[in-house]
Amino acid sequence: METPAAVTGPQAGQQVQKQQQQQQHSKRIQSISKHDTHRICSGQVILNLATAVKELLENALDAGATNVEVRLKEYGSEMIEVSDNGSGVKPEDYQALTLKYHTSKLQQFTDLSDLGTFGFRGEALSSLCALADLSVVTRTASQDVGAKLEFDHGGRLVQQASCPRGVGTTVAVKDLFKSLPVRHREFMRNCKTELSRLVSVLQAYAMVSPQVRIVATHQAGKAARTTLVCTPGGPSTTLRAAMVCVLGARVAEAVVPLELQLPASPSLPDGGKVVGFVSKAHAGKASGGSDLARHQQFVFLNGRPVDLPRVNKALNDCYRSLTSALHGSARPIAVLDLQLPRSLVDVNVVPDKRTVMMQCEQEVVHALEQALQELWEPSRHTYALNSVASPAPRPTTQTTLKPSAFPVVGVPGSGRGAAKGGADLAGMAMGGPTRNKQPEAVGGGPKGSAAAAAAA
């Protein structure tokens, strides 16, 4: 029996490729392992540095903290630490703390219609375990001493030890994105940009929670630790005071309060409210309107920082239509909180909960545009002028002419000599020639009188 001849050349490559395709088509559908599923989903929950810190900050606020400290080392690539004075974690919840889809904020799907916390998905700590090294130090009011917990990349508790700690929780994240080489390289390459985005997120939470003291610091290398965000907190701290701490003192002079009552309607049965601050009509560069506002529009939905592009577009378009053409690229500063019934909004759209859906978005945007026009319309044809101060008086100088330099020739008392001397002075002042090249002696003595008489 003859054996088939071996196929060589291009035909061999085509045959191998065909066999590989047949093998791929013949693969059965099977379940992905829990380990791989955990890694795949975790990368979708924690997208960048800002998302990682946001999740930890939201956990602290949901725990009732009034003091939150965020510390970063090397732009967050080496360590992220978030410490709070909240309620802490109970010992019976230590193992469930970092398990996927384990949370104390949600029991069933219908609870989303009346959700009052920032987090609810139970994914943050579990995802951070998959992407970094995570440890927790926590203590409740009923405990005499705290506990230090260390978790593996699967979210399992691997070590527990007693540790001194006040009531509250400290979460430390080390080597973020080490398990995702491509994302880690991108993170290190754009670390300064990532830090800038994080500051914007921290500013938003500092303003939406003005009664909470939030301090964020960063240390790069051996340099001194720098403060990124700092708010005083306290029961009496208002939104305006938090804005001044976060955005600067110039903002207090550049914004005005806005309070809009949304009437009841078929799409908004119980009505609603929009409160906050927006720029003055002509808050130009001098008062910080166009320079400061480029990245300083913060929109909240029931106290939650969100992205609402249509609201931002309404702010920018209305502001530009009612201001001078010289400020065509200007954007208003805006810190607005849309207070609507929770049953009319859906915050479970994406894992980071920044993208939301509103049942009455069109109506809210239209009412906001009308309110902004009423606020800015009176200033449509007015322009702020810089005060022009009266010019300062010019200093006067007095020049003393010495007789030896500018002699007056003539007999004292005669008009001829005086006229001649005056002409000489005028000629020298204009830069012209003088008639007398040599100074002549003038005086009251005999020689002076004789010389004057001879010249006469």
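Report follows, based on the coordinates. (Residues numbered from 1 in each chain as written. Predicted model: local features only at pLDDT ≥ 70, side-chain atom pairs only at ≥ 80, totals over all residues. Heavy atoms only, no water.)

## Focus on the sheet that holds strand β6 (residues 168-174)
Here we have 8 strands laid out as an open sheet, ordered β5-β4-β3-β6-β2-β1-β7-β8, and mixed in their pairing. In the strand order of this sheet, the two ends are held by β5 (157-163) and β8 (226-230), each with one partner. The average undirected angle you get between the axes of adjacent strands in this sheet is 15 degrees. As defined by bridge partners, strand β1 (residues 67-73) adjoins strand β2 (residues 79-84) across 6 bridges and the pair is classed as antiparallel. Residue pairing for β2: leucine 72 is matched across the bridge by isoleucine 80. Running over the sheet, helix α4 (residues 124-131) touches β3 (133-139), β4 (146-151) and β6 and is turned about 140 degrees from β3. (Pairing = 2+ DSSP bridges. Helix = DSSP H or I, 4+ residues; strand = E, 2+ residues; numbered from the N terminus. Axes fitted to C-alpha atoms, helices over the stretch in contact; angles between N-to-C directions. Contact = heavy atoms within 4.5 Å.)

## A word on the nonpolar core
Core analysis: the largest hydrophobic core is formed by 60 residues, its most contacted members being Ile80, Leu128, Leu134, Val173 and Leu176. In terms of residue count, the dominant contributor to this core is helix α6 (residues 191-208) (11 residues). Excluding residues within four positions of it along the chain, leucine 134 makes contact with Thr98, Leu125, Leu128, Cys129, Glu150, Phe151, Val171, Ala172 and Val173. Ranked by size, the runner-up nonpolar core spans 39 residues in total, among them Ala334, Met358, Ala371 and Trp376. (Core = buried A, V, L, I, M, F, W, Y, C linked by side-chain atoms within 4.5 Å. Buried < 20%, exposed > 50% of the residue type's maximum accessible area, 1.4 Å probe, protein only.)

## Comments concerning the packing of helix α3 (residues 49-62) against α4
Contact pair α3 / α4: the axes reach a minimum separation of 10 Å and the direction vectors enclose 140 degrees. When the axes of α3 and α4 are compared, the crossing they make is left-handed. Seen from α3, the contacting residues are Ala52, Glu55, Leu56 and Asn59; seen from α4, they are Ala124, Leu125 and Leu128. (Left-handed = near helix turned anticlockwise from the far one by under 90°.)

## Digging into the side chain of serine 83
Note that serine 83 resides in strand β2. Of the polar contacts made by the side chain of serine 83, one reaches the side chain of arginine 165; its length is 3.1 Å. Here the side chain of serine 83 touches threonine 170 through a polar contact of 3.1 Å, side chain to side chain. Beyond its immediate stretch of four places on either side in the chain, serine 83 contacts Asn67, Val68, Glu69, Arg71, Arg165, Thr169 and Thr170. (Polar contact = N/O pair within 3.5 Å; in protein donor to acceptor, adjacent residues only side chain to side chain.)

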